Amino acid sequence: QVQLVESGGGLVQAGGSLRLSCAASGRVSVGWFRQAPGKARDYVAAISMSSGSTYYADSVKGRFTISRDNAKNTVYLQMSSLKPEDTAIYYCAARSGPVTTVSNSYYYWGQGTQVTVSS
């Protein structure tokens, strides 16, 4: 059983930065997803725990960085140049297999953390 604990959300002005953390037990691939009110859950970024390869949605490429600290079993999502449209609940998710951008492929999910970007 993989447990995920997220932290780091909050309120920030447009152009600001936040860093989200996801403590993930076990050696798994991790993805970040987000869901804005009334919208579907969208893929944001993912990292392979075997190769360290990273992947990003076009909407966040160049602004967000996903990374990991294996010693702490933690995956980070550094978010910069935030925009009001980045406002959403952010979820980290994990799976034992290869990294994927498909949310239904992830077996384990965190509780979510709210990110609000004011204009």
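So, how was this worked out
- Once a new chain begins, its residue numbering starts again from 1 and follows that chain's sequence as written.
- For this predicted model, a pLDDT threshold of at least 70 governs which residues receive local features, and a threshold of 80 or more governs which side-chain atom pairs are given and counted, while totals over whole chains, interfaces and linings are taken from all residues.
- As a rule here, side-chain values come from all non-hydrogen atoms in the structure, and water together with hydrogens is ignored.
- Here, the term nonpolar core denotes a set of buried Ala, Val, Leu, Ile, Met, Phe, Trp, Tyr and Cys residues that are joined through side-chain atoms within 4.5 Å.
- Whether a residue is buried, partly exposed or exposed follows from its accessible area with a 1.4 Å probe, protein chains only, as a fraction of its type maximum: under 20%, in between, or over 50%, in that order.
- Any pair of residues with heavy atoms lying within 4.5 Å of one another is described as a contacting pair.
- Strand pairing follows a simple DSSP-based rule, namely that at least 2 bridges must link the two strands.
- Here a helix means four or more residues in a row that DSSP labels H or I, a strand means two or more in a row labelled E, and each is numbered from the N terminus.
- Axes here refer to lines fitted to C-alpha atoms; in helices the fit is confined to the stretch in contact. Angles between the N-to-C directions go from 0 to 180 degrees.
- Only the six-membered ring of Trp is used, alongside the rings of Phe and Tyr, when aromatic pairs are assigned; centres must lie within 6.5 Å, and planes under 30 degrees apart are stacked while those over 60 apart are edge-to-face, with the rest tilted.
- Positive: Lys, Arg. Negative: Asp, Glu. His and the chain ends are not part of the count.
- A pair is scored as a salt bridge if a Lys or Arg side-chain nitrogen falls within 4 Å of a carboxyl oxygen belonging to Asp or Glu.
- Polar contacts here mean pairs of N or O atoms no more than 3.5 Å apart (in protein, one a potential hydrogen donor and the other a potential acceptor; neighbouring residues in sequence count only if both atoms are side-chain atoms).

Peer 1: Give a description of the nonpolar core that names residues and reports values.
Peer 2: Counting residues in hydrophobic clusters, the biggest one holds 34 residues, and the most contacted among them are Val-30, Trp-32, Val-44, Phe-64, Leu-77, Met-79 and Tyr-90. When near neighbours in sequence (up to four residues on either side) are disregarded, Met-79 contacts Gly-16, Ser-17, Leu-18, Leu-20, Arg-63, Phe-64, Tyr-90 and Val-115.

Peer 1: Residue-level account of the sheet that holds strand S3 (residues 18-24), with values.
Peer 2: The strand order across the open sheet formed by 4 strands is S1-S3-S8-S7, and the pairing between neighbours is antiparallel. Single-partner strands in this sheet number two, and they are strand S1 (4-7) and strand S7 (64-69). Across the sheet, the mean angle separating the axes of adjacent strands is 15° when strand polarity is ignored. Across 6 bridges, S7 lies against strand S8 (residues 74-79) in antiparallel orientation. Paired with Thr-65 across the strands is Gln-78, a residue of S8.

Peer 1: Before we move on, can you summarise the pairing of S3 with the specific residues and values?
Peer 2: When you tally the buried positions in S3, you get 5 out of 7 residues, the bulk of the element. In terms of strand pairing, S1 meets S3 through 4 bridges, oriented antiparallel. Following the sheet pairing, Val-5 is matched in S3 by Ala-23. Of the strand pairs in this sheet, S3 and S8 are connected by 6 bridges, and their pairing is antiparallel. Residue pairing in the sheet places Arg-19 in a bridge with Gln-78 of S8.

Peer 1: Explain the packing of aromatic side chains to me, and be specific about the residues and the numbers.
Peer 2: This structure, assessed with the given rule, holds 6 aromatic pairs. Pairing Phe-33 with Tyr-43 gives two aromatic rings, centres 6.0 Å apart and planes at 65°, and the pair type is edge-to-face. One end of the pair, Phe-33, is in strand S4 (residues 29-35); the other, Tyr-43, is in strand S5 (residues 41-47), and 10 residues separate them in sequence. Like Phe-33, the residue Tyr-43 is buried in the burial classification. Relative to Trp-109, the ring of Phe-33 has its centre 5.2 Å away and its plane inclined at 50°; by these criteria the two rings are tilted. With Phe-33 in strand S4 and Trp-109 in strand S10 (residues 108-109), this residue pair connects regions lying 76 residues apart in the sequence. For Trp-109, a relative accessible area of 27% gives the class partly exposed. Taken together, the ring pairs in this structure connect Phe-33, Tyr-43, Tyr-91, Tyr-106 and Trp-109 into an aromatic cluster.

Peer 1: Give me the lowdown on the side chain of Arg-95, citing residues and values where you can.
Peer 2: Within the secondary structure, Arg-95 is located in strand S9 (residues 88-95). Here Arg-95 sits buried without a salt bridge, and the closest side chain of opposite charge, Glu-6, lies 15 Å off (N-O distance). One polar contact links the side chain of Arg-95 to the main-chain carbonyl oxygen of Pro-98, over a distance of 2.3 Å. In this structure, Arg-95 is in contact with Val-28, Ser-29, Thr-100, Ser-105, Tyr-106 and Tyr-107, ignoring residues within four places of it in sequence.

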